[in-house]
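# Examination of the molecular architecture
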Amino acid sequence: MKIKVGFGFDVHQLRSNHPFVLGGVKLDHHSGAYGHSDADVLLHAICDALLGAANMRDIGYHFSNTDDRWKGISSVILLQEVVKLIAGKGFTIGNIDAMVCLEAPKINPHIPAMKKHIAEAISISEEDISIKATTNEQMGFIGREEGVVAYAVCLIEKA
Ligand SMILES: [Zn+2]
């Protein structure tokens, strides 16, 4: 059994009256994450952790933000593509642990739905997905609600 660990990070601007999709779940909020795809910062961090573990570059390499194929696309599809990419190298997911840094809204009530959504999308157990949340204690761009950040680590394995 070969096991590998990966790390991912992502950041997006928050813009007023913009949809806010996080962990595949649409949040009801006065602002939302802005980007080329649906700007799902949590799923992007998870994608980068998985690609990193498999030593397969990063999400921008595979899904360029200048490519119209990915414009406005659901990041759930990107995550599914990444899982296919690492499966091509013979890897399956052991577990994922992620952290979202966001001042508002509170996402703790939405975490069970995010876990369920991700687990179903990539056919892994909810038990193998951890999502945590913190604020930035009102400091910096996160504290001013100008942006949202996510970090993720994952373990992948090959028999
Ligand atoms: Zn992103």
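Quick note: structure is the one above.
## Description of the environment of Leu102
Among the secondary structure elements, Leu102 is positioned in the loop between β5 (92-101) and α4 (111-122). Residue classification places Leu102 among the buried residues on the basis of a relative accessible area of 5%. When the C-alpha atoms of Leu102 and Glu145 are compared, they prove to be 7.4 Å apart, with 43 residues separating the residues in sequence. Excluding its chain neighbours within four sequence positions, the residues that come into contact with Leu102 are Leu14, Phe20, Leu22, Ile107, Thr134, Thr135, Ile142 and Val148.

## A few points about unusual backbone geometry
Glycine aside, residues mostly have negative phi, and peptide bonds are mostly found in the trans state. In the segment running from Ala104 into Pro105, the intervening peptide bond is cis, with an omega of -5°. Phi is positive for Ala39, which is not a glycine, with a value near 60°. Phi angles above zero are rare outside glycine, and Asn55 is one such case at about 55°. Note that Asn55 resides in the loop between α1 (41-53) and α2 (59-62). Relative accessible area serves as the criterion here: at 61%, Asn55 is assigned to the exposed category.

## Quick look at the side chain of Asp10
Inspection of the secondary structure assignment puts Asp10 in strand β1 (residues 2-16). The charged side chain of Asp10 is buried without a salt bridge, its nearest counter-charge being Arg15 at 14 Å. Here His12 takes part through its side chain, which lies 3.0 Å from a polar atom of the side chain of Asp10. Not counting chain neighbours up to four residues away, the residues in contact with Asp10 comprise Val41, His44, Ala45, Val148, Val149 and Ala150.

## A word on the layout of surface pockets
Looking at the largest pocket, its volume works out to about 230 Å³. Lining the largest pocket are 13 residues; nearest its centre among them are Ser37, His44, Ile59, Phe63 and Asn65. Every element with two or more residues in the lining of the largest pocket is listed here: β1 and α2. Tallying contributions element by element places β1 first for the lining of the largest pocket, with three residues. By residue class, the composition of the lining of the largest pocket is five nonpolar, seven polar and one charged.

## Focus on the packing of helix α3 (residues 75-88) against α4
Close contact between α3 and α4 brings their axes to 9 Å; oriented N to C, the two are set at 45°. It follows from the interaxial angle that α3 and α4 lie oblique. Between α3 and α4 lies a crossing of right-handed hand. Each of Val76, Leu79, Gln80 and Val83 in α3 lies in contact with α4, whose residues at this interface are His117, Ile118, Ala121 and Ile122.

## Regarding the sheet that holds β5
A sheet is described by the order of its strands in space; here five strands give the open sequence β4-β1-β7-β5-β6, paired in mixed fashion. In this open sheet, the two edge strands, each paired with only one partner strand, are β4 (31-34) and β6 (129-134). On average, each strand axis in the sheet is tilted by 25° relative to the strand beside it, whichever way the strands run. With six bridges connecting them, β5 and β6 associate as parallel partners. Within β6, the position partnered with Asp97 by the bridge is Ser130. Strands β1, β5, β6 and β7 (147-158) of the sheet are contacted by α1, whose axis makes an angle of about 155° with β1.

The rules behind each value
Residues numbered from 1 in each chain as written. Predicted model: local features only at pLDDT ≥ 70, side-chain atom pairs only at ≥ 80, totals over all residues. Heavy atoms only, no water. Helix = DSSP H or I, 4+ residues; strand = E, 2+ residues; numbered from the N terminus. Buried < 20%, exposed > 50% of the residue type's maximum accessible area, 1.4 Å probe, protein only. Contact = heavy atoms within 4.5 Å. Lys, Arg positive; Asp, Glu negative; His and termini not counted. Salt bridge = Lys/Arg side-chain N within 4 Å of Asp/Glu carboxyl O. Polar contact = N/O pair within 3.5 Å; in protein donor to acceptor, adjacent residues only side chain to side chain. 1 Å grid on protein atoms, 1.4 Å probe; cavity = no way out; pocket = protein on both sides within 12 Å on 5 of 7 lines; lining within 4 Å. Points joined across faces, edges and corners; volume = space filled by probe spheres on them. Nonpolar A, V, L, I, M, F, W, Y, C, P; charged D, E, K, R; others polar. Axes fitted to C-alpha atoms, helices over the stretch in contact; angles between N-to-C directions. Parallel < 35°, antiparallel > 145°, perpendicular 65-115°, else oblique. Left-handed = near helix turned anticlockwise from the far one by under 90°. Pairing = 2+ DSSP bridges.

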